[in-house]
2 protein chains.
Amino acid sequence: MQHIVCLDLEGTLVPEIWIAVADAANIPELRVTTREEPDYDKLMKMRIATLREHGLTIADIQKVIAGVEPLPGAKEFLDELRTLTQVVILSDTFTQFAKPVMEKLGWPTIFCNALVIDGEGFVTDYEYRVQNPKYVSVRALESTGFQVIAAGDSHNDLPMIKVAKAGFLMNAPEAIIAENPDVPAFNTYPQLMAAIKEVLTGE
Amino acid sequence: MQHIVCLDLEGTLVPEIWIAVADAANIPELRVTTREEPDYDKLMKMRIATLREHGLTIADIQKVIAGVEPLPGAKEFLDELRTLTQVVILSDTFTQFAKPVMEKLGWPTIFCNALVIDGEGFVTDYEYRVQNPKYVSVRALESTGFQVIAAGDSHNDLPMIKVAKAGFLMNAPEAIIAENPDVPAFNTYPQLMAAIKEVLTGE
């Protein structure tokens, strides 16, 4: 029986990247998330327009993201986990945003989306690899014979958490924890590690 | 368009692990490969019996494998590749054999098989995650929206090389190169890197 752990990125291992960009660039409009604007496509088009208005290229944004540090203990958690089992990060972020963060995490494998960048370095659009990427990725890994363990913090993680053999909430807001009483919820890496080890050893 | 590179392990990034074990433990029977015994199940049962006869536990074997170094340049190739795109190693080796080698390669993600170990530490059996694992894994990654680039050195890599969007032979024997004139064949990492970069940049 072989396992693979699918981990969310933002909120679970690193801070929310758009918030970090908003704060570092001092652009409050970029703090708007799917909580305020549930239409993700509309939200992304607004973000892209805002970046353009402020003249921010992908290189400028990557400089900001280079200052984003993993959450305290996240790198150590991931380092230990990678010695125990296979790990893939499943995220709705973009390859161009993920890169500086992946470097700090020791280049784990990440399945995420991509921004479309024009010749001048401006973000013009975004591309999903597939619809419902976290759910589809877990299913795909299962089809290769893995038992999937999933952990994440938000609504977009629930499809992978619920389809996985074992699923956990990590750093989730109270409302999500309350809506999902059947999913064990943790807010420290030692707790999450202990729960994963229980699944790995079949206890 | 997002890519993922699927790399074979033994022959492609590290030496053949069974050969290293045979030589280090001075057990010539363990040098027999699928070239001499094409029935893989029969070969594995013979290997397991030989290990038992010589009293070699999985801990003994792992000590030997800890001395196996990546092929010259393999770590540097993989380090650069992981900054450019996503990478998964697809191997027919076993998790217990892979671990010491993965540590030397910086813990890339690996999809492979597993040995069954008894309470005394002896190998008693082996488990495939799935039939035709390399082919199935490439198909699964494609189902999540990735364009797959594959590279390997031997017969068991041909299914993934042929189903991938782009496939390459790396360090392959002359016979395999001759039988597959449509597959570009390389024997240095800079050559393989250049071919992968061409696919990544769409040139």
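Here, every reference points to the structure presented above.
In short, a report on the structure.

Definitions and cut-offs
- Residues numbered from 1 in each chain as written.
- Chains lettered and ligands numbered in written order.
- Predicted model: local features only at pLDDT ≥ 70, side-chain atom pairs only at ≥ 80, totals over all residues.
- Heavy atoms only, no water.
- Buried < 20%, exposed > 50% of the residue type's maximum accessible area, 1.4 Å probe, protein only.
- Helix = DSSP H or I, 4+ residues; strand = E, 2+ residues; numbered from the N terminus.
- Pairing = 2+ DSSP bridges.
- Right-handed = clockwise from strand over helix to strand, strands pointing away.
- Contact = heavy atoms within 4.5 Å.
- Axes fitted to C-alpha atoms, helices over the stretch in contact; angles between N-to-C directions.

Describing the pairing of strand E6 (residues 166-170) of chain B
Residues and elements named next belong to chain B.
Thinking step 1. Of all 5 residues making up E6, 5 are buried, and the element is well covered by its neighbours.
Thinking step 2. Taking every second residue as pointing to the same face, both faces of E6 are buried, with Ala166, Phe168 and Met170 on one and Gly167 and Leu169 on the other.
Thinking step 3. As defined by bridge partners, strand E5 (residues 147-152) adjoins E6 across 4 bridges and the pair is classed as parallel. Bridging from a neighbouring strand, Ala150 pairs with Gly167 of E6.
Thinking step 4. Viewed along the sheet, the connection from E5 through helix H7 (residues 158-163) into E6 turns out right-handed.
Thinking step 5. Pairing of E6 with strand E7 (residues 185-186) involves 2 bridges; the strand directions are parallel. By the bridge assignment, Leu169 is partnered in E7 with Ala185.
Thinking step 6. Between E6 and its parallel partner E7, the chain crosses via helix H8 (residues 174-179), and the hand of that crossover is right-handed.

Some words on the sheet that holds strand E2 (residues 86-94) of chain A
Residues and elements named next belong to chain A.
Thinking step 1. Across the sheet, 7 strands lie side by side as E4-E3-E2-E1-E5-E6-E7; this open sheet has mixed pairing. Edge strands, defined here as strands with exactly one partner in the open sheet, are strand E4 (123-127) and strand E7 (185-186).
Thinking step 2. Those strands touched by helix H5 (residues 95-104) are E2 and strand E3 (110-117), and its axis lies near 125° from that of E3.
Thinking step 3. Sheet strands in contact with helix H9 (residues 189-200) are strand E1 (3-7), strand E5 (147-152), strand E6 (166-170) and E7, and its direction is about 180° off that of E6.

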